[in-house]
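Structural features, examined
Listed below are the residues making up each chain.
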Amino acid sequence: MKTVCVLGSPREKGISTAIANQFCAAAESMGSEVRTFFLNKLRYSGCQACMACKKTHERCALEDDLTPVLDAIADADLLLLASPVYFGNVSSQLKGFIDRTYSFFVPDFVTNPKPCRLKPGKKVVFVLSQGMPDETAFANIYPWYEFVFLQRFGFSESRLIRACGVRDISKRQDLLGLAENTARELCRLG
Ligand SMILES: Cc1cc2nc3c(=O)[nH]c(=O)nc-3n(C[C@H](O)[C@H](O)[C@H](O)COP(=O)(O)O)c2cc1C
């Protein structure tokens, strides 16, 4: 079992990072190999819309710090994406990464019943941390990404862990427990 954790917050001690770290520790305790990428320390471009991944290449033609991240995901069983909510969406660090996953699509992905190059059946967990305590605020972010991962990338499971208005994660053992239990459950499923 291989887990890839992609951290989209610039804050190494932030809320989404802490929840993701708890998840990864539990995944490791279940025997999963875990690779973590802290996007803010990587140097990469957004998608250039060069369409090389639809014409001449089977992968993203850009070679930068995201290349090993995209490769690791292709090889992984479980993917964790963590981000703060910035201006009602994921951070620019994570969005830049997500745009590069366009390279996972086959050239005729709009009409192809198997639109993705990835092996099907992977699992994804989103961790989203927002300043607003109101859970109805920004509840629209996850459903779109869930749709893409399940319906387009062929993932079999998608989960969400949200931290709304959390300032001190040590006071939210419920969220840390949820991260731990989610990792255990998904690792047990294999
Ligand atoms: C540039 C920026 C934009 C933000 N936009 C929002 C927002 O739209 N909604 C919100 O609830 N919080 C917003 N916040 C607050 C963060 O989402 C919040 O502090 C979050 O818990 C940070 O997560 P982290 O600790 O994982 O980095 C914003 C913070 C920054 C720095």
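Residues numbered from 1 in each chain as written. Predicted model: local features only at pLDDT ≥ 70, side-chain atom pairs only at ≥ 80, totals over all residues.

Re the overall build of the chain
Per the secondary structure count, the chain includes six helices and six strands. In the chain, the succession of helices and strands from N to C terminus is β-α-β-α-α-β-β-α-β-α-β-α. Rg of the C-alpha trace for the chain: 16 Å, near the compact-globule value of 16 Å for 190 residues, within the 12% margin. With the C-alpha coordinates aligned to their principal axes, the bounding extent of the chain is approximately 50 × 35 × 30 Å. Burial statistics for the chain: of 190 residues in total, 36% are counted as buried. Taking contacts inside the chain between residues at least 6 apart in sequence as the whole, the part at least 24 apart equals 73%. (Helix = DSSP H or I, 4+ residues; strand = E, 2+ residues; numbered from the N terminus. Rg over C-alpha atoms; globule rule 2.2 N^0.38 Å. Buried ≥ 20, exposed ≤ 12 C-beta atoms within 10 Å, placed from the backbone. Contact = placed C-beta atoms within 7 Å.)

Description of the packing of helix 1 (residues 15–29) against helix 6 (residues 173–189)
Relative orientation of the contacting elements helix 1 and helix 6 amounts to 35°, with a least axis distance of 8 Å. The two elements helix 1 and helix 6 cross, and the hand of that crossing is right-handed. Along the contact surface, helix 1 presents Ile19, Gln22, Phe23, Ala26 and Ala27, while helix 6 presents Leu175, Leu176, Ala179, Glu180, Thr182, Ala183, Arg184 and Cys187. Looking at the contact of helix 1 with helix 6, its residues break down into nine nonpolar, two polar and two charged. (Axes fitted to C-alpha atoms, helices over the stretch in contact; angles between N-to-C directions. Left-handed = near helix turned anticlockwise from the far one by under 90°. Nonpolar A, V, L, I, M, F, W, Y, C, P; charged D, E, K, R; others polar.)

As for the site of the ligand
Taken together, the neighbourhood of the ligand is formed by 16 residues, with Gly14, Ser16, Pro84, Gly131 and Met132 sitting nearest. Listing elements by their share of the shell around the ligand, those giving two or more residues are helix 1, strand 3 (78–86) and strand 5 (123–130). Broken down by class, the residue content of the shell around the ligand amounts to seven nonpolar, eight polar and one charged. (Near = placed C-beta within 6 Å.)

Digging into the nonpolar core
Ile19, Ala20, Phe23, Leu80 and Val127 are the most contacted members of the largest nonpolar core, which totals 46 residues. Of all the elements, helix 1 adds the most residues to this core, at eight residues. Contact partners of Ala20, with chain neighbours within four places excluded, come to Cys5, Leu7, Leu80, Ala82 and Val127. (Core = buried A, V, L, I, M, F, W, Y, C linked by C-beta atoms within 7 Å.)

Observations concerning unusual backbone geometry
Of note, Ala49 is a non-glycine position whose phi angle comes to about 55°, a positive value. Within the secondary structure layout, Ala49 lies in the loop between strand 2 (33–38) and helix 2 (52–55). With 8 C-beta atoms packed within 10 Å, Ala49 lands in the exposed category. Positive phi values are uncommon outside glycine, yet Met51 reaches one of about 65°. Here Met51 is to be found in the loop between strand 2 and helix 2.

Remarks on helix 1
Here helix 1 spans 21 Å end to end across 15 residues, near enough to the 21 Å set by a 1.5 Å rise per residue. The buried fraction of helix 1 amounts to twelve of the 15 residues, a majority that puts the element mostly inside the structure. Every buried residue of helix 1 is listed here: Ile15, Ser16, Thr17, Ala18, Ile19, Ala20, Asn21, Gln22, Phe23, Cys24, Ala26 and Ala27. Of the residues flanking the end of helix 1, it is Gly31, one or two places downstream, whose phi is positive at about 95°. (Expected span 1.5 Å × (residues − 1).)

So, the pairing of strand 3
Judged by how many residues are buried, strand 3 sits mostly within the fold: eight of nine residues are covered. When strand 1 (residues 2–7) meets strand 3, the two strands line up parallel, connected through five bridges. Along strand 3, the bridge assignment pairs Val6 with Leu81. Inspection of the sheet shows strand 3 paired to strand 5 by seven bridges, in the parallel sense. Note on strand 5: the bridge partner recorded for Ser83 is Leu128. (Pairing = 2+ DSSP bridges.)

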